[in-house]
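Chain by chain, the residues:
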Amino acid sequence: MNPNKALWEKGDFTRIAESMRESGEALVKSLGITKGLKVLDLGCGDGTMALPEAKLGADVLGVDIAKNLVEAGNKRAQEHGLTNCKFQEGDASNLHELKDQTFDLVVSIFGAMFAPKPFDVANEMARVTRPGGLRRMPRPMRMQAGVHRTFNVRYGLA
Ligand SMILES: C[S@@+](CC[C@H](N)C(=O)[O-])C[C@H]1O[C@@H](n2cnc3c(N)ncnc32)[C@H](O)[C@@H]1O
């Protein structure tokens, strides 16, 4: 099994995520989400960000490498009555199940930064973002292993 996947499935990140719901909601409010926006949340966990994104009207797909967190996310979305928020398993460094230029906004909050091949992640994020769309992730990932350069120079991010 992919060791990255094995690592994240070993624990129960939901126990930590429970303490981050408020900050997740606050952060999502700063993303400028509007109704109908197609959002990909990469390394979404159980949806700390994805659920608030959907509550603001976005059409959200959460992708995470850990099966248990994908299941927890879908359960939480259902409990909140959010039919516009789906979770599925996937590896941020190879999103082969997603078509090119699909999303208006691709976000990853302390998620895809854990993937071992950061340049592949950067390329995949760019590939699935529609022309004129946005990609957002915290600075630590952009700084990691030169990904800062990949994002700022190759893809023109601020
Ligand atoms: C610190 S948690 C953050 C989860 C969520 N973004 C949040 O803010 O609550 C990191 C997440 O990244 C996921 N992850 C790690 N490596 C990944 C990869 N290669 N592809 C997709 N998800 C990955 C983990 O399973 C975990 O859910």
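Details of the structure are given in the entry above.
Everything numeric here is computed off the predicted structure, so don't read it as measured data. (Residues numbered from 1 in each chain as written. Predicted model: local features only at pLDDT ≥ 70, side-chain atom pairs only at ≥ 80, totals over all residues.)

K.L.:
Describe in detail the overall build of the protein chain, supporting the description with residues and values.
P.N.:
On a plain count of helices and strands, the protein chain comes out with eight helices and five strands. Reading the protein chain from its N end, one meets helices and strands in the order α-α-α-β-α-β-α-β-β-α-β-α-α. Looking at the protein chain as a whole, 36% of its 158 residues are labelled buried. Residue pairs in contact within the protein chain that sit at least 24 positions apart in sequence constitute 68% of those at least 6 positions apart. (Helix = DSSP H or I, 4+ residues; strand = E, 2+ residues; numbered from the N terminus. Buried ≥ 20, exposed ≤ 12 C-beta atoms within 10 Å, placed from the backbone. Contact = placed C-beta atoms within 7 Å.)

K.L.:
Quick one: what's the story with the nonpolar core, residue by residue and with numbers?
P.N.:
Val39, Leu40, Leu42, Ala50, Ala54, Val60 and Val106 are the most contacted members of the largest nonpolar core, which has 36 residues in total. Among the secondary structure elements, those contributing two or more residues to this core are β1 (38–42), α4 (50–55), β2 (59–64), α5 (67–79), β3 (85–89), β4 (103–107) and α6 (118–128). Sequence-distant contacts of Val60, defined by excluding residues within four places in its chain, comprise Val39, Asp41, Ala50, Glu53, Ala54, Asn84 and Cys85. (Core = buried A, V, L, I, M, F, W, Y, C linked by C-beta atoms within 7 Å.)

K.L.:
With reference to specific residues and values, describe the site of the ligand.
P.N.:
Trp8, Gly43, Gly45, Thr48 and Ala115 are the nearest of the 22 residues found near the ligand. For the shell around the ligand, the residue count by class is 14 nonpolar, six polar and two charged. (Near = placed C-beta within 6 Å. Nonpolar A, V, L, I, M, F, W, Y, C, P; charged D, E, K, R; others polar.)

K.L.:
Just give me the short version of α6, but keep the residues and values in it.
P.N.:
Of the positions making up α6, those classed as buried are Pro118, Val121, Ala122, Glu124, Met125 and Val128. One side of α6 carries all its buried residues, which in axial view fall inside an arc of 165°. (Arc of directions from axis to C-beta.)

K.L.:
Explain unusual backbone geometry residue by residue, including any values.
P.N.:
Unusually for a residue other than glycine, Gln101 sits at a positive phi of about 50°. Structurally, the position occupied by Gln101 is in the loop between β3 and β4. A residue is classified by how many C-beta atoms lie within 10 Å of it, and Gln101, with 12 of them, is exposed. The phi dihedral of Phe110 is positive, around 50°, even though this residue is not glycine.

K.L.:
Hey, could you go over the environment of Val60 for me, with residue numbers and the actual values?
P.N.:
Within the element layout of this structure, Val60 appears in strand β2. Note: C-alpha distance between Val60 and Val106 (46 residues apart in sequence) is 9.9 Å.

K.L.:
Outline the pairing of β1, listing residues and values.
P.N.:
For β1, a buried count of four out of five residues is recorded, marking the element as mostly surrounded by other parts of the structure. Of the strand pairs in this sheet, β1 and β2 are connected by five bridges, and their pairing is parallel. Bridge pairing in β2 places Val39 opposite Val60. (Pairing = 2+ DSSP bridges.)

K.L.:
Could you give an account of the pairing of β4, with specific residues and numbers?
P.N.:
By the criterion of burial, β4 is predominantly enclosed, with four of the five residues buried. Note that β1 and β4 share three bridges and pair parallel. When the sheet's bridge partners are listed, Val39 is paired in β4 with Leu105.

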